[in-house]
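Listed below, chain by chain, are the residues.
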Amino acid sequence: MQTVEVYTQPLCGFCTAALRLLSRKGAQVIEHDVSRQPEKRAEMMQRAQGRRTTPQIFVGDTHVGGCDDLYALEDAGKLEPLLAAG
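The shown structure was predicted, so the numbers you read here are calculated from the model rather than taken from an experiment.

Counted under the stated rule, the structure contains six salt bridges. Lys25 is the salt-bridge partner of Glu74, the closest N and O atoms lying 2.9 Å from each other. One end of the pair, Glu74, is in helix α3 (residues 67-75); the other, Lys25, is in the loop between α1 (13-24) and β2 (28-33), with 49 residues separating them in the sequence. One salt bridge in this structure joins Glu43 and Lys40, with 3.5 Å as the shortest N-O distance. Placement of both Glu43 and Lys40 in helix α2 (residues 38-47) is noted, with a separation of three residues, approximately one turn of the helix. The class of Glu43 is partly exposed, set by a relative accessible area of 29%.

Dropping the structure here:
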């Protein structure tokens with residue numbers, strides 16, 4: 001299973017929803033709290049082509065996007081294959 005990195009911040013409902021879905025899928029998640037680690041916010045923006053909102057989700061080297069993008073992959077039946085690849 002691919003490693004998943006999620007850039008989050010406290011009190012973010014979208015972050016919580018994304019982490020909950022990934023947990024249900026059994027994904028191993030590395031969470032980066034960008035509010036406590038300013039260098040991680042800069043890293044997130046660089047990896048996500050300038051996006052500033054959280055969450056920003058990466059499955060392996062693939063930038064998924066935010067929570068809505070993650071749920072769209074799930075609805076299309078593409079999340080599990082992406083997580084399993086690699």
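The next point concerns the packing of α1 against α3. α3 packs onto α1 with a crossing angle of 30° between their chain directions and a minimal axis gap of 9 Å. Comparing their axes, α3 and α1 come out roughly parallel. The two elements α1 and α3 cross, and the hand of that crossing is left-handed. Between α1 and α3, the residues in contact are Phe14, Ala17, Ala18, Leu21, Leu22 and Arg24 and Cys67, Asp68, Leu70, Tyr71 and Glu74, respectively. Split into classes, the residues belonging to the contact of α1 with α3 amount to eight nonpolar, no polar and three charged.

Criteria and thresholds
- Residues numbered from 1 in each chain as written.
- Predicted model: local features only at pLDDT ≥ 70, side-chain atom pairs only at ≥ 80, totals over all residues.
- Heavy atoms only, no water.
- Salt bridge = Lys/Arg side-chain N within 4 Å of Asp/Glu carboxyl O.
- Helix = DSSP H or I, 4+ residues; strand = E, 2+ residues; numbered from the N terminus.
- Buried < 20%, exposed > 50% of the residue type's maximum accessible area, 1.4 Å probe, protein only.
- Axes fitted to C-alpha atoms, helices over the stretch in contact; angles between N-to-C directions.
- Parallel < 35°, antiparallel > 145°, perpendicular 65-115°, else oblique.
- Left-handed = near helix turned anticlockwise from the far one by under 90°.
- Contact = heavy atoms within 4.5 Å.
- Nonpolar A, V, L, I, M, F, W, Y, C, P; charged D, E, K, R; others polar.

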